[in-house]
Amino acid sequence: MTFEQLIPAPARAEGPGGDGFVLDASTTLWAGPGTQTTEHWLRGTLGAALRLPLAPGAEGAPGSVALRLDSELEAEAYRLTVTGDGVEIRGGTAAGVFWGAQTLRQLLGAAAFRRAPIAPGREYTVPQGVIEDAPRFGWRGMMLDVSRHFTPKEGVLRYLDLLAAHKLNVFHFHLTDDQGWRLEIKRYPKLTEVGAWRSRTKWGHRQSELWDEKPHGGFYTQDDIREIVAYADSLHITVVPEIDIPGHSQAAIAAYPELGNTDVIDTAALGVWDTWGVTPNVLAPNDHTLRFYEGVFEEVLELFPSTFIHVGGDECPKEQWKDSAAAQARIEELGVSNEDELQSWFIRHFDKWLSARGRRLIGWDEILEGGLAEGAAVSSWRGYSGGIAAAQAGHDVVMCPEQHVYLDHRQHGGPDEPVPIGWVRTLEDVYRFEPVPAQLSAEEAEHVLGTQANVWTEVMESHGRVDYQVFPRLAAFAEVAWRTLPAPAERDFADFERRMTAHYARLDALGVDYRPPGGPLPWQQRPGVGGRPIEGLPPMV
Ligand code: TNX
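Residues numbered from 1 in each chain as written. Predicted model: local features only at pLDDT ≥ 70, side-chain atom pairs only at ≥ 80, totals over all residues. Heavy atoms only, no water.

- An unreviewed UniProt entry lists the chain under the name beta-N-acetylhexosaminidase, with Streptomyces silvensis as the source organism.
- Heading Sequence similarities (unreviewed entry) of the UniProt record for the chain holds this comment: "Belongs to the glycosyl hydrolase 20 family."
- The annotation that UniProt attaches to the chain under Catalytic activity (unreviewed entry) is "Hydrolysis of terminal non-reducing N-acetyl-D-hexosamine residues in N-acetyl-beta-D-hexosaminides." (UniProt positions renumbered as here; feature names shortened; annotations may be inferred.)

The following block contains the structure:
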């Protein structure tokens, strides 16, 4: 193992030199004040993989791993020093120490990514040298859509491990959508009794004629969520929950029909949606809806300590509001000029509501339409433009343009790609993704909190399908989010690919069902299941 096989590559590495440090049964672990999360993680994860006790030892004892905070380092920065005598990880914060431990794991080889040793009694040598490293962005995220296809709790915990292994620190949890409500809300039990299940599922892109005729569903109890949030916290990952309003809400309307535009359609006849796309069935913009969702958000705030709370705000078609006498009366009463401003009023309500409780609202870039609420942040998904406009207006932005980092989009143009949708975005394309657009001045660019990759699951019916779409591209994304890389065209993709050889072995050890460089294995293909483009349809671009 050398320093040249790390992903993400560190900012600076000196070495390797000397014989290295051998971790064995006698190696002790000393954890300075404030470094307990890493102490537990090292013992629980590395200790299990290598079957080493990593017993508590004295500060400065030879043959030890030492963890300490160092106020001279920036938050999340770390310095990993390996001598013939031991390993020291210093971090600017507890998170910095933890990221240093992730690097240590990579230096130990693929075996360190298993849950138990494959060669008991083997020694593990860490190369000698110094690594100094710090992230480019404070928001390095992945969004997982658990509405379109449910990921059971165990799968979520596993993804948190995978994020941590890539030094990603935000898990955007897309909990509600038209096709399923996944979060237990005590005061509204029907949200999960009714809203967490659909009778059947479109198999493939919405233009496909295939159906999976079996019920699909599931949800997280509040205790599940507490466990997920606490587990994420132990990995220095923040969970940002998303409750999508006022569009993408058909599952909620199916559970509580009075939330819909009852003067336009018979909302009592609506079920949880069984196909994909954008439904016209959106929330009614009235006081009852506001009070209902305040109730939802009250429980959300109790469960999720994150400063940011995502309220969706995307793809809210305005037809029903145009046709609704009640919505039109509301427009008049508020003195706003159109339906976009009505949506803006709706979002602003929750912006104020969240601010009053010490939180901050974040929403998809449609929340810019009709005027962006003060203090709100934007997830820029329809390209860079929403993010540019928001940053120029002084709002914080998370860059996640669909043209670059939507991992549901196919990663190769070949005919074997399973359920191919969207643009072809290869591993190299993701490696060359630049989160900060050139149009922003240095000052405006300060508003780019970071970047995230979004994993929408319409065409991912299983854990294996999610892995296939996410990996290996998440590794390239992690490097983009962590490192300060040259301009896209100048990035050394060949070097990244070379490092990926070691990384594939780590992913194998972790049991990740990634797309192999040579294309999908037979069982990863989905012959006959339509994506888009499909025959007879114009291509998406
Ligand atoms: C657009 S991104 C959506 C999602 C879909 C996704 C599919 C966003 C805010 N809305 O509802 O799942 O495209 O790529």
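**Side note on the site of the ligand**
Consideration 1: Close to the ligand lie Arg148, His248, Asp314, Glu315, Trp364, Trp381, Tyr406, Asp408, His409, Trp456 and Glu458.
Consideration 2: Between a nitrogen atom of the ligand and a side-chain N or O atom of Glu315, the distance comes to 3.3 Å.
Consideration 3: A distance of 2.5 Å is found between an oxygen atom of the ligand and a side-chain nitrogen or oxygen belonging to Glu458.
Consideration 4: Alone, the ligand offers 370 Å² of accessible surface; in the complex the protein occludes 91% of this. (Near = heavy atom within 4 Å. Polar contact = N/O pair within 3.5 Å; in protein donor to acceptor, adjacent residues only side chain to side chain. Areas by Shrake-Rupley, 256 points an atom, 1.4 Å probe, with all protein chains shown as cover.)

**What about the nonpolar core?**
Consideration 1: Grouped together as the largest cluster of nonpolar side chains are 150 residues, with contacts concentrated most on Phe173 and Tyr293.
Consideration 2: Aside from chain neighbours lying at most four places away, what touches Phe173 is Leu144, Val146, Val156, Tyr220, Ile225, Ile228, Val239, Val240, Pro241, Glu242 and Phe304.
Consideration 3: In terms of nonpolar packing, the next biggest core, distinct from the first, is built from seven residues, Val240, Ile362, Ala377 and Val398 among them. (Core = buried A, V, L, I, M, F, W, Y, C linked by side-chain atoms within 4.5 Å. Buried < 20%, exposed > 50% of the residue type's maximum accessible area, 1.4 Å probe, protein only. Contact = heavy atoms within 4.5 Å.)

**Topic: the pattern of salt bridges**
Consideration 1: Enumeration according to the criterion identifies 39 salt bridges in this entry.
Consideration 2: For Arg68, the salt bridge identified is with Glu88, shortest N-O distance 3.0 Å. Of the two residues, Arg68 is situated in strand β4 (residues 64-69) and Glu88 in strand β6 (residues 86-91); the sequence distance between them amounts to 20 residues.
Consideration 3: With a relative accessible area of 18%, Glu88 lands in the buried category.
Consideration 4: Between Arg330 and Glu333 there is a salt bridge whose closest N-O contact spans 3.4 Å. Placement of both Arg330 and Glu333 in helix α9 (residues 325-334) is noted, with a separation of three residues, approximately one turn of the helix. (Salt bridge = Lys/Arg side-chain N within 4 Å of Asp/Glu carboxyl O. Helix = DSSP H or I, 4+ residues; strand = E, 2+ residues; numbered from the N terminus.)

**Examining the sheet that holds strand β7 (residues 124-133)**
Consideration 1: In space, the seven strands of this open sheet follow the order β1-β7-β5-β6-β4-β2-β3, with mixed pairing throughout. Strand pairing shows two members of the sheet lacking a second neighbour, β1 (12-23) and β3 (55-56), which therefore form its edges.
Consideration 2: As judged from the four bridges shared by strand β2 (residues 28-31) and β4, these two strands associate in the parallel manner. Its bridge partner lying in β4, Trp30 is registered against Ala66.
Consideration 3: Its contacts with the sheet place helix α1 (residues 36-50) against β2, β3, β4 and β7, and it is angled at close to 160° to β2. (Pairing = 2+ DSSP bridges. Axes fitted to C-alpha atoms, helices over the stretch in contact; angles between N-to-C directions.)

**Things to note about the packing of helix α16 (residues 473-482) against helix α17 (residues 493-510)**
Each pair of packed helices can be summarised by the angle the axes make with each other and by the distance between the axes.
Consideration 1: Across the interface, α16 lies against α17 with an axial gap of 11 Å and an inter-helix angle of 120°. Considering the angle they form, α16 stands oblique to α17. When you trace α16 past α17, the crossing you get is right-handed. Contacts between α16 and α17 involve Ala475, Ala476 and Glu479 from the first element and Phe496, Arg499, Met500 and His503 from the second.
Consideration 2: Looking at the contact of α16 with α17 residue by residue, the classes come out as four nonpolar, one polar and two charged. (Parallel < 35°, antiparallel > 145°, perpendicular 65-115°, else oblique. Left-handed = near helix turned anticlockwise from the far one by under 90°. Nonpolar A, V, L, I, M, F, W, Y, C, P; charged D, E, K, R; others polar.)

**A few points about the environment of Arg140**
Consideration 1: As for its position among the elements, Arg140 is in strand β8 (residues 139-145).
Consideration 2: Distance from Arg140 to Trp41, taken between C-alpha atoms, is 20 Å for residues 99 residues apart in sequence.
Consideration 3: From its side chain, Arg140 meets the backbone oxygen of Phe137 in a polar contact 2.7 Å long.
Consideration 4: Within the structure, Arg140 has its side chain in polar contact with the backbone oxygen of Lys167 (distance 2.7 Å).

**Remarks on the pairing of β8**
Consideration 1: Most of β8 is tucked away, with seven of its seven residues classed as buried.
Consideration 2: Residues of β8 alternate between two faces, with Trp139, Gly141, Met143 and Asp145 on one and Arg140, Met142 and Leu144 on the opposite face, all of them buried.
Consideration 3: Both β8 and strand β21 (residues 448-455) contribute to a ladder of six bridges, which runs parallel. Looking at β21, one finds that Trp139 is bridged to Gly450.
Consideration 4: Of the strand pairs in this sheet, β8 and strand β9 (residues 170-174) are connected by five bridges, and their pairing is parallel. Residue pairing across strands places Asp145 opposite His174, the latter belonging to β9.
Consideration 5: The handedness of the β8 to β9 crossover, carried by helix α3 (residues 153-165), is right-handed. (Right-handed = clockwise from strand over helix to strand, strands pointing away.)

**Some remarks on unusual backbone geometry**
Leaving glycine aside, a negative phi is the common case for residues, and trans is the common case for peptide bonds.
Consideration 1: Omega for the peptide link from Gly15 to Pro16 comes to -5°, which places this bond in the cis form.
Consideration 2: Within the secondary structure layout, Pro16 lies in strand β1.
Consideration 3: Backbone torsion omega between Phe471 and Pro472 reads 10°, so that peptide bond is classified as cis.
Consideration 4: A positive phi angle, close to 40°, is found at Glu315, a residue other than glycine.
Consideration 5: Considering the arrangement of structural elements, one finds Glu315 in the loop between β17 (308-312) and α8 (319-323).
Consideration 6: With a relative accessible area of 26%, Glu315 lands in the partly exposed category.

**Quick word on the sheet that holds strand β16 (residues 238-245)**
Consideration 1: Ordered in space as β8-β9-β16-β17-β18-β19-β20-β21, the eight strands form a closed barrel in which the pairing is parallel. Strand-to-strand twist of the sheet, defined as the mean angle between neighbouring strand axes without regard to direction, takes the value 30°.
Consideration 2: Strands β8 and β9 of the sheet are contacted by α3, whose axis makes an angle of about 150° with β9.
Consideration 3: Lying on the sheet, helix α7 (residues 287-303) is in contact with β16 and β17; it crosses β16 at an angle near 170°.

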